[in-house]
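This is what each chain is made of:
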Amino acid sequence: GNNKVKEIPAGKPNAGPKDMGNAREFLNKANLALGGKQLNVIKTVKLESSLGNGALQITTYLDLPLQKIRNEYRKQGQLIGIEQTEGNSGWEWSNNKFTTLVSGRIREIQLAGLSGIFKLQETALAKISILSSPVKKDQTTSMIVSVNGISTAWAFDNEQRLTGSSAKIDNRNITYLFSDFKTAQQVQLPYTVKEMRDNKTFTYKFSSIVLNPELTATNWAKPVQ
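Residues numbered from 1 in each chain as written. Predicted model: local features only at pLDDT ≥ 70, side-chain atom pairs only at ≥ 80, totals over all residues. Heavy atoms only, no water.

Student: How would you explain the packing of aromatic side chains if you had to name every residue and give the values?
Tutor: Across all of its chains, the model carries four aromatic pairs by this definition. An angle of 80° between the planes, with centres 5.0 Å apart, marks the rings of Phe26 and Phe156 as edge-to-face. One end of the pair, Phe26, is in helix α1 (residues 17–34); the other, Phe156, is in strand β10 (residues 150–156), and 130 residues separate them in sequence. Neither Phe26 nor Phe156 differs from the other in exposure class; each is buried. An aromatic cluster is built from Phe26, Trp154 and Phe156, whose rings are joined through pairwise contacts. (Phe/Tyr/Trp six-rings, centres within 6.5 Å; stacked < 30°, edge-to-face > 60°. Helix = DSSP H or I, 4+ residues; strand = E, 2+ residues; numbered from the N terminus. Buried < 20%, exposed > 50% of the residue type's maximum accessible area, 1.4 Å probe, protein only.)

Student: Tell me about unusual backbone geometry, and name the residues and values.
Tutor: Backbone geometry at Gln76 places phi at a positive 45°, although glycine is not the residue there. By the element assignment, Gln76 lies in the loop between β3 (68–75) and β4 (78–86). Taking the relative accessible area as the measure of exposure, Gln76 reaches 79% and is therefore exposed. Here Asn171, not a glycine, exhibits a phi torsion of approximately 65°, which is positive. Relative to the assigned elements, Asn171 resides in the loop between β11 (162–169) and β12 (172–184). Residue Asn171 is classed as exposed on the basis of its relative accessible area, which comes to 70%.

Student: Break down the side chain of Lys119 for me, with residues and values.
Tutor: The residue Lys119 is located in the loop between α4 (113–117) and α5 (122–125) in this model. Buried within the structure, Lys119 lacks any salt-bridge partner; Asp63 is the closest side chain of opposite charge, at an N-O distance of 12 Å. Those residues in contact with Lys119, other than ones at most four positions away along the chain, are Gln110, Ala124, Leu125, Val147 and Trp154. (Lys, Arg positive; Asp, Glu negative; His and termini not counted. Salt bridge = Lys/Arg side-chain N within 4 Å of Asp/Glu carboxyl O. Contact = heavy atoms within 4.5 Å.)

And the structure:
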């Protein structure tokens, strides 16, 4: 069933140059599977998703070149919280108060949900280190990479689309499963993301994915106190 990603089979950590070549080739194919050039030219993204059958609505903004991510949380249309990161710093706003995000949470936001899918852009792939060669088991190919210094297991389906991403952050395992792929502006993106952590599963359903929207300073502004 869906628990496969939990125990993504690890490849050989001491992969040789030939393995590395295979791994790079595999990741290039994964990049093409999601849209190749169309994926690579994405600079900004606006996402609308919901959690708990619509109980919580989330608007996410990504600025990939600037490494900026913003999550706005709403209940019944009412803004209840914001998390925003830029590179390795970030802040949170809730209950009309600002706090600084801890580094573990910043790393989670960088790897979370669809932020993780954009790690397969050409520019992002150039920055990752490959820790194992791809291993195929049943319908899933998995490998271990280092993303921003975090060891991450990636799983891919037969069409080389990223279907799972699992990492340990502050000694806690967090796994994302991607499904329900649809084409948005010639890019294949998952419209359902499952987050598994602390023996709980959270299912995010995406209702809208807009690629390369015009984002202005207003989108990144801090709420007025």
